[in-house]
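Descriptive structure summary
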Amino acid sequence: MKKQLTVVMIMLMTTFIGFGIIIPVMPELIKNVAPDSLELHTGLMLSVYSAISFILSPLWGALSDRIGRRPVILTGILGFSISFVLFGLGTDSLVLMYASRVLGGLFSGAVASVIVAYVADVTPPEQRTKGMGLVGMSIGLGFTIGPGVGGLLSTITLAMPFFVAAGLALVTFLLSLSVLKESLPKEKRRSSTEKSPSRWRAFTGSVRYLYVLAFFVSFTLACLEATLQIFGMTRFNVTPAQVGMMFFVCGLVGALVQGGVVRRYIKKGAEPKFIAAGLIISAAGFLLLTTSHSLWTSTVYLAIFGIGNALIRPCVTSLITQKTTVGQGIASGLSSSMDSLGRIAGPLIGTFLFTFNLQLPYLFGGLLSLAALLLLSRFVLRDRQSATADA
């Protein structure tokens, strides 16, 4: 199990390094091509990627339940590489930028949701939270390194980060091709004639509150990602390299929390307490950001948000995999779809609110984080009622 998890961690880290590389660069490219519509195209370009991922993530998850995790993951990584090449070639064309985002969304669900199912396959329930903590730590490390590298590479040329991201994805594909082993034995796979359950079949019982909570978390994070660079450009003339540094600090803090706190100290059954703490800390980070007028205070407040987010995500994912009554592929596919749904609405609403007042996306994010505590309390109550009824 340890060897399989190590391979998955390397895959996730290199994949999300490539993903994180583009974060500080994309708004700058859009500004060069369509300066009068910066907020609109930033929101749309982030949303179209997630819209495609939302539609296809459950299909990738169901496919992995039938043919195994390995071929689906490999397909996703290779598609990722091609999408980055297309963006690098189209940095002066909105059409090619959008085409790249559509292609990236097409393959993203094959990586994110199916790798979660892979980890669920190779970890017993009592080890599940630790496994998801490793997943979160790997993604956090990718985001830690990626934006910083992207900011540095942008000083060479704004297209360079995309070609480097494509190269990393290709290296990951080749590594996975040689060392990644299948996690789902043939006898446990769903037959090709067996009808796959709808993604919404997983949306039942107490676990449905977790799916809505996952949407809230994704939605608020997407609001932040879509507007932070424009916020910095407005308040303190931030550069892509500086945005990369901000996300580097946030990702580093998040990775330390997920690798040190989540993996070591959160035991099965303790997840709701840490989710509650994470929601409160995230809300504090959001609200503090509204007061920031400098790079350094923004970085500190973003790091506070990162601590909260690092506590929430692996715990919610772990609880979903523990409580689901359908296949792990379907459950993970729906979880990834809820994440994508948040990333569809988040950039659109975040950039829309930004046009009225640059503080609004963060005020809204803070209030929603606090409101999500109600969803958590409903989950805990329903879960206890279910456990009592089954006893």
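Residues numbered from 1 in each chain as written. Predicted model: local features only at pLDDT ≥ 70, side-chain atom pairs only at ≥ 80, totals over all residues. Heavy atoms only, no water.

1. Digging into the overall build of the chain
Tallying secondary structure elements over the chain gives 13 helices and zero strands in all. Seen in sequence order, the chain has helices and strands lined up from the N terminus as α-α-α-α-α-α-α-α-α-α-α-α-α. Within the chain, the proportion of its 391 residues that are buried is 57%. Looking at the chain as shown, the accessible area adds up to about 15300 Å², and 68% of this sits on carbon and sulfur atoms. (Helix = DSSP H or I, 4+ residues; strand = E, 2+ residues; numbered from the N terminus. Buried < 20%, exposed > 50% of the residue type's maximum accessible area, 1.4 Å probe, protein only. Areas by Shrake-Rupley, 256 points an atom, 1.4 Å probe, with all protein chains shown as cover.)

2. Notes on the nonpolar core
Counting residues in hydrophobic clusters, the biggest one holds 63 residues, and the most contacted among them are Ile-73, Leu-224 and Leu-302. Among the elements that take part in this core, helix H5 (residues 94-122) stands out by supplying nine residues, more than any other. For Leu-224, the residues in contact, after removing those within four places along its chain, are Phe-286, Leu-289, Leu-302, Phe-305 and Tyr-362. By size, the runner-up hydrophobic cluster in this structure holds 25 residues, among which are Leu-213, Ala-214, Ala-331 and Ala-372. (Core = buried A, V, L, I, M, F, W, Y, C linked by side-chain atoms within 4.5 Å. Contact = heavy atoms within 4.5 Å.)

3. Points about the packing of helix H8 (residues 207-236) against helix H11 (residues 295-323)
Two numbers describe a pair of packed helices, the interaxial angle and the distance between the axes. Where H8 contacts H11, the two axes come as close as 10 Å, and the packing angle between them is 160 degrees. Judged on the interaxial angle alone, H11 and H8 are roughly antiparallel. The two elements H8 and H11 cross, and the hand of that crossing is left-handed. From H8, Val-207, Leu-210, Tyr-211, Leu-213, Ala-214, Val-217, Ser-218, Leu-221, Leu-224, Leu-228, Phe-231 and Phe-236 reach across to H11, where they touch Leu-295, Ser-298, Leu-302, Phe-305, Asn-309, Ile-312, Arg-313, Val-316, Leu-319, Ile-320 and Lys-323. Its residues assigned to classes, the contact of H8 with H11 shows 18 nonpolar, three polar and two charged. (Axes fitted to C-alpha atoms, helices over the stretch in contact; angles between N-to-C directions. Parallel < 35°, antiparallel > 145°, perpendicular 65-115°, else oblique. Left-handed = near helix turned anticlockwise from the far one by under 90°. Nonpolar A, V, L, I, M, F, W, Y, C, P; charged D, E, K, R; others polar.)

4. So, the environment of Gly-20
Tracing the backbone shows Gly-20 in helix H1 (residues 2-21). Along the sequence, Gly-20 and Gly-151 sit 131 residues apart, while their C-alpha atoms lie 10.0 Å from each other.

5. Remarks on the pattern of salt bridges
Inspection of every chain in the model, using the stated rule, returns four salt bridges. Across the pair Arg-69 and Asp-121 runs a salt bridge, and its minimum N-O distance is 2.7 Å. Residue Arg-69 is found in helix H4 (residues 69-89), and its partner Asp-121 is found in helix H5; the two are separated by 52 residues along the sequence. Taking the relative accessible area as the measure of exposure, Asp-121 reaches 25% and is therefore partly exposed. Through salt bridges with shared partners, one network takes in Asp-65, Arg-69 and Asp-121. (Salt bridge = Lys/Arg side-chain N within 4 Å of Asp/Glu carboxyl O.)

6. Here we look at the packing of aromatic side chains
Scanning all chains against the criterion turns up nine aromatic pairs. Seen in terms of ring centroids, Phe-80 and Phe-84 are 5.6 Å apart; in terms of plane orientation they differ by 80 degrees. Their pairing is edge-to-face. Here Phe-84 and Phe-80 lie together in helix H4, a separation of four residues that amounts to about one turn. Take Phe-80 and Phe-84: they sit in the same class, and that class is buried. Ring geometry for Phe-352 versus Phe-356: centroids 5.0 Å apart, planes at 75 degrees, classification edge-to-face. In this pair, Phe-352 and Phe-356 are both assigned in helix H12 (residues 328-356), four residues apart and thus about one turn of the helix distant. (Phe/Tyr/Trp six-rings, centres within 6.5 Å; stacked < 30°, edge-to-face > 60°.)

7. Section: the packing of helix H10 (residues 271-289) against H11
Orientation of H10 relative to H11, taken along the N-to-C sense of each, is 150 degrees, at an axis distance of 7 Å. By the angle between their directions, the pair H10 and H11 is classed as roughly antiparallel. In this structure, H10 meets H11 at a crossing whose hand is left-handed. Considered class by class, the residues forming the contact of H10 with H11 number 17 nonpolar, eight polar and one charged.

8. Some thoughts on H10
Between its first and last C-alpha atoms H10 spans 27 Å; for 19 residues at 1.5 Å apiece the expected length is 27 Å, and the two agree. For H10, every residue scored as buried is listed here: Glu-271, Pro-272, Ile-275, Gly-278, Leu-279, Ser-282, Ala-283, Gly-285, Phe-286 and Leu-289. Seen from one end, H10 has its buried residues packed into an arc of 160 degrees, which puts them on one side. (Expected span 1.5 Å × (residues − 1). Arc of directions from axis to C-beta.)

9. Focus: a nonpolar patch on the surface
Taken together, Leu-40, Leu-44, Leu-348, Ile-349 and Phe-364 make up a surface patch of nonpolar side chains, about 380 Å² in accessible area. Of all the secondary-structure elements, those providing two or more residues to the nonpolar patch are helix H3 (38-67) and H12. (Patch = residues over 30% accessible without salt bridge, like charges linked within 9 Å, V, L, I, M, F, W, Y side chains within 5 Å.)

10. Section: unusual backbone geometry
Residues other than glycine seldom take positive phi values, yet Asn-237 does so here, at roughly 50 degrees. Residue position: Asn-237 is located in the loop between H8 and helix H9 (240-265). By relative accessible area, Asn-237 is classed as exposed at 62%.

11. Side note on the environment of Glu-126
Along the polypeptide, Glu-126 turns up in the loop between H5 and helix H6 (128-153). Of the residues examined, Glu-126 reaches a relative accessible area of 53% and is grouped as exposed. The sequence separation of Glu-126 and Lys-268 amounts to 142 residues, and the corresponding C-alpha distance is 6.1 Å.

12. Details of the confidence of the model for the chain
Counting all residues, the mean pLDDT for the chain is 83, and 89% of those residues have values of 70 or more. Ranking the elements of the chain by mean pLDDT puts H6 last, at 73, and H10 first, at 93. (pLDDT = per-residue confidence, 0-100.)

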